[in-house]
Amino acid sequence: MSILRDEDKDRIQGFCSIFPEKRSALLMILHYLQDNYSYVSDEIILELSEVLNIPATEMHNTFQFYTMLKKKKQGKYVIEVCATLSCSLMGSDHIIDYLENRLGIKSGETTQDGKFTLLKVECLGNCGKAPVMQINGKFYEELNENKIDKILKEIEDND
Amino acid sequence: MRVVIDGKVLEARKGETVLQLALRNNIQIPYLCYYPELTVSGSCRTCLVEIGLQKKDKIEMMPKLQIACGTEVADGMIVITNSDTIKKTRKAMIEFLLLNHPLDCPICDQAGECKLQDYAYTFEQNKSRFSEDKIIRGKKDVGERILLYSNRCVMCTRCIRFEKYISGNYGLTILKRGVYSELDIFFNRRIDHLLSMNLVDLCPVGAFVSKSFLFKQRAWFLKTVEAICPGCSKGCNIYLDYNNNIVYRIRPRFNEKINSHWMCDIGRLTYKWLYHRPRLTENKIRDRVVQAPEAMDTIANTLLKNKDKVCVIISPYQTIEELLMIKKLADYLSLKVMVLFKEDGKEIIFPKFTIPADRTPNRNGIKKIFSQKIEKIENLDGYDTVILFDYSPENIIKDEFRKIKEIIIFTPFNDNCLFENVSIRIAGTLCFEKEGSFINQNNKQQSFKPAVLTNINEYDILKGVYKRVSGHSEVY
Amino acid sequence: MTEKIIMKYEDKKDLYTLSGYESTGGYDALKKAIDMKKDEIVEEVKRSTLRGRGGAGFATGLKWSFVPKDSGRPVYLCCNADESEPGTFKDKWIIWNNPHLLIEGILISSYALSVKHAFIYIRGEFREGSEILNKAIEEAQNKNYLGKNILGRNIDIEITVYRGAGAYVCGEETGLLESLEGKRGWPRIRPPFPATKGLYQSPTIINNVETLANIPYIILNGAVRFASIGTPNNGGTKLFCVSGRVNRPGVYELPLGTNLREIIENYAAGVKDGKKIKAVIPGGSSTPVLKFDEIDIPMDFDSLIKAGSALGSGGIIVLDEDTSMVRSLYNLSRFYAHESCGQCTPCREGTIWIMKILRRIYKGDGKPEDLDLLLDICSNIKFKTVCPFGDAAVIPVESFITKFRTEFEEAIKKTIIIPRQ
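Residues numbered from 1 in each chain as written. Chains lettered and ligands numbered in written order. Predicted model: local features only at pLDDT ≥ 70, side-chain atom pairs only at ≥ 80, totals over all residues.

From N to C terminus, chain A includes seven helices and four strands. Reading chain A from its N end, one meets helices and strands in the order α-α-α-α-β-α-α-β-β-β-α. Along the three orthogonal principal directions, the C-alpha set of chain A runs to about 50 × 30 × 25 Å. Taken over 159 residues, chain A has a buried fraction of 46%. For chain A, contacts bridging at least 24 residues in sequence account for 56% of all contacts bridging at least 6. (Helix = DSSP H or I, 4+ residues; strand = E, 2+ residues; numbered from the N terminus. Buried ≥ 20, exposed ≤ 12 C-beta atoms within 10 Å, placed from the backbone. Contact = placed C-beta atoms within 7 Å.)

Shown next as structure tokens:
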């Protein structure tokens, strides 16, 4: 059974056409697939291999290298809290503790309802606004407990 | 081009690397990720050396250590491989490689021929400063004939490069990254292609092991002879690894023109011919065990009595030497000669290796000795007696042989041609049990030596028969 | 107050739009450049003493001149926007606030180097940034600043934004190229260097965002004026990123050679809660830490090298008197262990070993011999890896332990309690 839809295949070919060598498009394609399917399964890699005519192991090998490319199903909202030095100096450990308590999960886990995944990540490159986190790729800066409550409430309200 | 390594002036070839030059001149530089015929990876860092370049009239040492495997020679280059810096570096690299390497040498097949183990001894890396937890990875059944102990992997990527460029199978991937990197197959697609066991040779440690060799024998007990693979007409050069008259393993032996560093899995398992069928070890007339002279007399008498109706059927598994003796006998008595051909298989083509369709080792030997006119067995009508040399590893004797009045068979296998019309059975040897030679598909004659010694002497019987028939007292 | 180059119009709210950018004289440099000879531009950049702003500080003009003229292959320009060095967030400022400046810089550089296809390799986490860049590229395309027949001339340049996917090592030039080719970000062994064999085995120039953002100014105002800002052979301004325990963290554009203490005290408004400075990492986590009494120093490439450190990316991280050096170093070592690509032995095995020892010390299980062991591991990694990542990873370890050895010894003896920040 095919997972990729025709429109996916069209998009994939479109990405390939940007580059002198189609394999270059791989990260673009994987980002796109992750946005649409929450994570990139082995089955998707296998299909992609046929679409692109590139050995599946070559793509899988690339895919496995990158931490942003998810290997299993993620929550609807992926919360990534920076834990590297500048954020850590500004209290990122407390931010992670607070989020773990609020969501009732440990970092690395997803809430039972599949809504939130909490991840502790390395430097997000926004040290001037420490402590920071990203939710689905959007930055939230200068965090404190109140701010987190507000952010989570907003998500719950709009969900 | 002149290159000086550790004060020794060497003549270097353009385009070769420092490592190749050193190895060619017996200067030992450790290496793990380098493998001839594969692209340079430069990742294991064990071959780091100091390099100086001729700049006008003085030598300028490069500020950083350089990898010998990835540095091309240049005229006037100075290489230092024995300084204290290099000694410390090598020891350090081995220490790094051992940090997360399991200390399972006692149960590892590779022990005794493991590069990491050898280097650990050579560079005296005998004490660990690592008191943290090791990272543990699993054992994986990755193919019909091979296992992957990913815990022992040192990430040299030889196997990955082999799978890309030599087999073209792209069977391997790496999970994760950094120290958690782990070799694996993808989506349970096992590596079952016919070059799979080369991964075992390539692997500098015991990550890839052969199922057929697993736990069978410690490497240091094995003795080795140089031989030729009997699996097909390619004539891959091989090593036979044996102990106490038992062959345990076949490995490819480098031959640039024939098989490079590789061989196929079919050939690699041909040593099992020795053990996969019951062997005929004694000569028999009917059910009675006889000594050689009686066998010779009986065969000679049969031939002389009835030579117009005798057909000799030879095998492409026989050696040149055996075929020559048969030729002498056949010529003397003007006997008809046919060949017990084996059906061609399919030619199997990999990017850098081809398995030919002819899966017998010496068809060209037959062609050369008996000329092109030799024919396949088609019609045995009109022949009363057949001298059948059947050395095929598989039992391929067909019912048409039942029609013959009398069969004299030379064969290594006891289950071969058990028809009532078989009068004499002479025990034969397999190529692993004798000296001899084959002529391969490119008409190259290559000789081999035995790994297993037996009392079987079918060649002497053949010679004795010829002597009796011809009346010659000496035969060469 | 000296001249600013990149953040001159930082208060302008619509700077990120094409019209906003044009109203500040944006794209005038491009118009001027395409009337210049290509070699003239390269010469101008050489004379400007512009040095790479990504960390290594290599002379930009010289780097450009390594591109062979007759390779018969296309030349590629890759803008390195994989800003991942802990403590660094200057390229983020440019991308979010002044994307057209970067695009103009890329266009001028592409023209000078005969590049037809330029790439912006942006770290995957900068999803918003990549959207901003794509929007800006679209705007510029609509006004024919890029694409086919730029400004009616026989010049074609396209720019593709390429998002990484979470790998610090892809900020290393050849790791970036591998990633851009759709592979693992495993750095390549050199030679060959990217200038001769880079992307798709073709000549390739890789420049940092901030480096390229300086190009329009150099073209418009000339190399001499650019070089007059800063210190000799360290021309121009630098975007300094200040983070850590300061009152006003942020990006400050100041001439190269500005005093480090002045940056912290005058611009970042000093240390939080009136505390004292204990140490400062001057140029991103991969530069040797400076002690509180070493920070009266001009922030330029050469001065910091002389002081035994490096300007790096200009990411200044301030550690105050309450900060634990043990905890901070453990934090950084965890970063490097996480980001090691795993290709070569010393880095793959060494970074995690270092991290595990430091974690042990941090948790109170340190052993007296650990510190010398750590330093020895560092010396076994340094200069022995495929790429500079290994060197980068050991620099904080060596400098923290050497300069703050007593604190580490106390942690091992458990005479101090390490606070959670």
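In this section: the overall build of chain B. Tallying secondary structure elements over chain B gives ten helices and 26 strands in all. Overall size of chain B, expressed as C-alpha extent along the three principal axes, is 85 × 50 × 35 Å. Burial status across chain B gives 46% buried among its 476 residues. Within chain B, contacts between residues separated by at least 24 positions form 65% of all contacts whose residues are at least 6 apart in sequence.

A word on the interface of chain A and chain C. Taken together, the 37 residues of chain A in the interface contact 46 residues of chain C. For the side of chain A that touches chain C, the secondary structure elements donating two or more residues are α2 (26-37), α4 (56-65), α5 (85-89) and β4 (138-140) of chain A. Looking at the side of chain A that touches chain C, the element that brings in the most residues is α2 of chain A, giving five residues. By residue class, the composition of the side of chain A that touches chain C is 18 nonpolar, 14 polar and five charged. (Nonpolar A, V, L, I, M, F, W, Y, C, P; charged D, E, K, R; others polar.)

Time to look at the interface of chain B and chain C. With 24 residues of chain B in contact, the opposing surface of chain C contributes 21 residues. The element best represented in the side of chain B that touches chain C is helix α2 (residues 84-99) of chain B, accounting for six residues. Its residues placed into classes, the side of chain B that touches chain C shows twelve nonpolar, seven polar and five charged.

Let us now look at the packing of helix α5 (residues 90-97) of chain C against helix α7 (residues 127-142) of chain C. Residue and element names in this part refer to chain C. In the contact formed by α5 and α7, the axes pass within 8 Å of each other and the chain directions differ by 40°. With respect to each other, α5 and α7 are oriented oblique. Read as a crossing pair, α5 and α7 show a hand that is left-handed. For the pair α5 and α7, contact is made by Lys92, Ile95 and Trp96 and by Gly129, Ile132 and Leu133, respectively. Class assignment of the residues belonging to the contact of α5 with α7 gives a composition of four nonpolar, one polar and one charged. (Axes fitted to C-alpha atoms, helices over the stretch in contact; angles between N-to-C directions. Parallel < 35°, antiparallel > 145°, perpendicular 65-115°, else oblique. Left-handed = near helix turned anticlockwise from the far one by under 90°.)

Residues and elements named next belong to chain C. Spatial ordering of the open sheet is given by β3-β2-β1-β4, a layout of four strands whose pairing is parallel. A single partner strand is all that each edge strand has here, and the edge strands are β3 (158-163) and β4 (204-208). In this sheet, neighbouring strand axes are inclined to one another by 20° on average, regardless of whether the strands run parallel or antiparallel. Summarising the sheet, strand β1 (residues 75-81) and β4 pair through five bridges and their orientation is parallel. Bridge assignment links Cys78 to a residue of β4, and that residue is Ile206. Its contacts with the sheet place helix α6 (residues 99-113) against β1, β2 (115-122), β3 and β4, and it is angled at close to 155° to β1. (Pairing = 2+ DSSP bridges.)

Turning our eyes to something else, we now look at unusual backbone geometry. Here Ala130 of chain A and Pro131 of chain A are connected by a cis peptide whose omega angle stands at -10°. Tracing the sequence through the fold places Pro131 of chain A in the loop between β2 (116-121) and β3 (133-135). Phi is positive for Tyr170 of chain B, close to 45°, though the residue is something other than glycine. We note that Arg286 of chain B has phi near 50°; this positive angle belongs to a residue other than glycine. Tracing the backbone shows Arg286 of chain B in the loop between β15 (284-285) and β16 (288-289). With 10 C-beta atoms counted inside 10 Å, the residue Arg286 of chain B sits in the exposed group.

Our focus in this paragraph is helix α3 (residues 38-47) of chain C. All names here are of chain C. Here α3 has its buried residues at Ile41, Glu44 and Val45. Buried residues along α3 cover an arc of 95° about the axis, so they all sit on one side. Where α3 is buried, its residues meet α2 (28-33), α4 (60-65), α6, α10 (215-221) and α11 (223-228). (Arc of directions from axis to C-beta.)

Within the secondary structure layout, Lys356 of chain C lies in helix α15 (residues 345-362). With 266 residues separating them along the chain, Lys356 of chain C and Lys90 of chain C place their C-alpha atoms 31 Å apart.

What follows deals with the sheet that holds strand β8 (residues 146-149) of chain B. Residues and elements named next belong to chain B. Strand order in the open sheet formed by three strands is β7-β8-β11, and the pairing between neighbours is antiparallel. If you trace the sheet from one side to the other, it starts and ends with β7 (139-140) and β11 (208-210), each paired once. Across three bridges, β8 lies against β11 in antiparallel orientation. Bridge pairing in β11 links Leu147 to Val209.

General note: in soluble globular proteins, nonpolar side chains tend to be found buried as a group. Residues and elements named next belong to chain C. Residues Cys79 and Val280 are the most contacted members of the largest nonpolar core, which totals 316 residues. Broken down by element, this core gets its largest block of residues, nine residues, from α15. Excluding residues that lie within four positions of it along the chain, Val280 makes contacts with Leu260, Ile264, Leu290, Ile295, Ile316, Ile317, Val318 and Leu319. (Core = buried A, V, L, I, M, F, W, Y, C linked by C-beta atoms within 7 Å.)

What follows deals with the confidence of the model for chain B. Put simply, chain B has an average pLDDT of 95, and 99% of its residues get 70 or more. What the predictor reports for the complex is a pTM of 0.96 with an ipTM of 0.97. (pLDDT = per-residue confidence, 0-100.)

Residues and elements named next belong to chain C. Compared with an ideal rise of 1.5 Å per residue, which puts 15 residues at 21 Å, helix α17 (residues 389-403) spans 22 Å between its outermost C-alpha atoms and is within 8% of the ideal. With eleven of 15 residues buried, α17 is to be regarded as a mostly interior element. Among the residues making up α17, those that are buried are Phe389, Gly390, Ala392, Ala393, Val394, Ile395, Pro396, Val397, Ser399, Phe400 and Ile401. Structurally, α17 contributes buried residues whose contacts are with α14 (325-339), α15, α16 (370-381) and α18 (405-413). (Expected span 1.5 Å × (residues − 1).)

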